[in-house]
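What follows is the residue order along each chain.
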Amino acid sequence: MYTTLLTEISEGIITITINRPDKLNALNRTLIEELSALFDNIYKDAAVRSIILTGAGNKAFVAGADISEFNELDATGGEELARKGQQMVFDKIENCPKPVIAAVNGFALGGGCELALACHFIVASENARFGQPEVNLGIIPGYGGTQRLVQLVGRNRAMQLLMTGEMVDAKDAETYGIANKVVPQEILLSTVKQLLMTIHSKAPLAVSKVIECVNNFDHNQQGYDFEIRKFGECFSTEDKKEGASAFLEKRKPNFTGR
Ligand code: COA
């Protein structure tokens, strides 16, 4: 059904593999459209509880937006590429009510780094390399990189990465807080699956509200008010009753997502 993506569902986890290995999985127009359509389905599909995003092959997660599509673009075209991409894919991933984890298995550059940053967190293999090399091409990130990177690594590290275009290896990415964990490539997917199975054992509505609240992080009062509202909403769920009862009755909770 998709020409640039492979999908596989098991135990409620959909593994999406970006599949253009001969172009290091670069994001072309078709790929953006297909990812957008896939996430629309994932939002609606009750059989999918969480998502892993990874790249085909053992060399690259995604080596950026497809540079071969840049030549035809003028200022309007460039702006449209960035706006459409952000709305169709990156915002949808960030705001997905189900956990989306990036399993970064190699180069995550430019749009590929931005794609990983849009996920809820990142686990990387030892050969992973992260970078925003857009300045080498006379451009800047357009898929939210300048905004998400600064939130994640802080202003000065973001400035350095964005101005030098240099790559950081997996170890530095872990130190910077880009990757939560670094593991050998052979166990990358199984490590992420294990983390997701832990999350699957929690109340799904509570997990969704965590995603919403963290995404609404705000230095000002708004983020705190948002959290208060979402906290209140949890108290009208069956899972909240089940969670408290199970604890008091010293048994495992049976969450239903209601
Ligand atoms: N867009 C389009 N094609 C890309 C690409 C991208 N972002 N990144 C890699 N490719 C293609 C190469 O053109 C090459 O295609 P070809 O075999 O038809 O010539 C193929 O993928 C393999 O890449 P290659 O450069 O030969 O691999 P390498 O191991 O020598 O270098 C990288 C790997 C990642 C360092 C290098 O490919 C690179 O710098 N890519 C661009 C990264 C970038 O600037 N991304 C930001 C874009 S905004």
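To be clear, the structure that these remarks concern was listed above.
Now for a look at the structure at hand. (Residues numbered from 1 in each chain as written. Predicted model: local features only at pLDDT ≥ 70, side-chain atom pairs only at ≥ 80, totals over all residues. Heavy atoms only, no water.)

## Notes on the overall build of the chain
Reasoning step 1: If you tally the helices and strands in the chain, you get 10 helices and 10 strands.
Reasoning step 2: By the compact-globule yardstick of 18 Å for 258 residues, the chain fits well, its C-alpha radius of gyration being 19 Å.
Reasoning step 3: Taken across its 258 residues, the chain has 44% of its residues classed as buried.
Reasoning step 4: Intrachain contacts of the chain at a sequence separation of at least 6 include 68% that bridge at least 24 residues. (Helix = DSSP H or I, 4+ residues; strand = E, 2+ residues; numbered from the N terminus. Rg over C-alpha atoms; globule rule 2.2 N^0.38 Å. Buried < 20%, exposed > 50% of the residue type's maximum accessible area, 1.4 Å probe, protein only. Contact = heavy atoms within 4.5 Å.)

## Some details on the sheet that holds strand β6 (residues 107-109)
Paired through their backbone hydrogen bonds, the strands of a sheet run either parallel or antiparallel.
Reasoning step 1: One open sheet accounts for four strands, arranged β4-β6-β8-β9; its pairing is mixed. Looking at which strands have only one partner, the edges of the open sheet turn out to be β4 (60-62) and β9 (168-169).
Reasoning step 2: In this structure, β6 lies alongside strand β8 (residues 129-131), joined through three bridges in parallel fashion. Across the sheet, residue Phe107 finds its bridge partner in β8, namely Arg129. (Pairing = 2+ DSSP bridges.)

## Examining the side chain of Lys230
Reasoning step 1: Looking at where Lys230 falls in the secondary structure, it is placed in helix α9 (residues 221-234).
Reasoning step 2: The contacts of Lys230, once residues within four sequence positions are left out, are Lys209, Glu212 and Cys213.

## A few points about helix α3 (residues 111-118)
Reasoning step 1: For α3, the tally of buried residues reaches eight of eight residues, placing the bulk of the element in the interior.
Reasoning step 2: Every buried residue of α3 is accounted for by Gly111, Gly112, Cys113, Glu114, Leu115, Ala116, Leu117 and Ala118.

## Quick word on unusual backbone geometry
Reasoning step 1: At Asn25, a position not held by glycine, the phi torsion is positive, near 60°.
Reasoning step 2: With respect to the element layout, Asn25 can be found in the loop between β2 (13-18) and α1 (29-44).
Reasoning step 3: Although it is not a glycine, Lys250 sits at a positive phi angle of roughly 55°.
Reasoning step 4: By relative accessible area, which is 78% here, Lys250 ends up exposed.

## A look at the packing of helix α2 (residues 75-94) against α3
Reasoning step 1: With their axes 8 Å apart at the nearest point, α2 and α3 run at an angle of 35° to one another. Contacts between α2 and α3 involve Val89, Phe90, Ile93 and Glu94 from the former and Gly111, Glu114, Leu115 and Ala118 from the latter.
Reasoning step 2: Of the residues assigned to the contact of α2 with α3, the class counts are five nonpolar, one polar and two charged. (Axes fitted to C-alpha atoms, helices over the stretch in contact; angles between N-to-C directions. Nonpolar A, V, L, I, M, F, W, Y, C, P; charged D, E, K, R; others polar.)

## Description of the packing of aromatic side chains
Reasoning step 1: Applying the stated criterion across every chain yields a total of two aromatic pairs.
Reasoning step 2: A ring pair is formed by Phe90 and Tyr143, whose centres lie 4.4 Å apart and whose planes are at 20°; its orientation type is stacked. Residue Phe90 is found in helix α2, and its partner Tyr143 is found in the loop between β8 and α4 (145-153); the two are separated by 53 residues along the sequence. Per residue, the accessibility class of Phe90 equals that of Tyr143, and both read buried.
Reasoning step 3: On the basis of an interplanar angle of 55° and a centroid distance of 4.9 Å, the ring pair of Phe231 and Phe235 is categorised as tilted. (Phe/Tyr/Trp six-rings, centres within 6.5 Å; stacked < 30°, edge-to-face > 60°.)

## Concerning the nonpolar core
Reasoning step 1: Counting residues in hydrophobic clusters, the biggest one holds 48 residues, and the most contacted among them are Ile16, Leu35, Val104, Leu115, Phe130 and Ile178.
Reasoning step 2: Per-element accounting of this core gives the leading share, six residues, to α1.
Reasoning step 3: Ignoring any residue separated from it by four or fewer positions in sequence, one finds Ile16 in contact with Leu5, Leu6, Leu35, Leu38, Phe39, Ile42, Ile51, Ile52, Leu53 and Thr54.
Reasoning step 4: Of all hydrophobic cores here, the second largest spans nine residues; its members include Ile13, Val123, Leu188 and Leu196. (Core = buried A, V, L, I, M, F, W, Y, C linked by side-chain atoms within 4.5 Å.)

## Here's the deal with the site of the ligand
Reasoning step 1: Near the ligand there are 17 residues, and of these Lys23, Lys59, Ala63, Ala65 and Ile67 occur at the shortest range.
Reasoning step 2: A distance of 3.0 Å separates a nitrogen atom of the ligand from a polar backbone atom of Ala63.
Reasoning step 3: Looking at side-chain class alone, the shell around the ligand contains 10 nonpolar, two polar and five charged residues. (Near = heavy atom within 4 Å. Polar contact = N/O pair within 3.5 Å; in protein donor to acceptor, adjacent residues only side chain to side chain.)

## With respect to the pairing of strand β7 (residues 121-125)
Reasoning step 1: Burial within β7 is extensive, with four of its five residues counted as buried.
Reasoning step 2: Relative to β7, strand β5 (residues 100-104) runs parallel, the two being bridged by four bridges. Bridge assignment links Ile101 to a residue of β7, and that residue is Phe121.
Reasoning step 3: Of the pairings in the sheet, the one linking β7 to strand β10 (residues 181-183) comprises three bridges and is parallel in character. The residue bridging Ser125 from the neighbouring strand is Val183, located in β10.

## Overview of the pattern of salt bridges
Oppositely charged side chains may form a pair once their charged atoms are brought near each other.
Reasoning step 1: According to the stated counting rule, one finds 12 salt bridges in the structure shown.
Reasoning step 2: Two residues, Asp91 and Arg148, come together in a salt bridge whose shortest N-O distance is 3.5 Å. With Asp91 in helix α2 and Arg148 in helix α4, this pair connects stretches of sequence that are 57 residues apart.
Reasoning step 3: Taken together, the shared-partner salt bridges in this structure form one network comprising Lys209, Glu212, Lys230 and Glu233. (Salt bridge = Lys/Arg side-chain N within 4 Å of Asp/Glu carboxyl O.)

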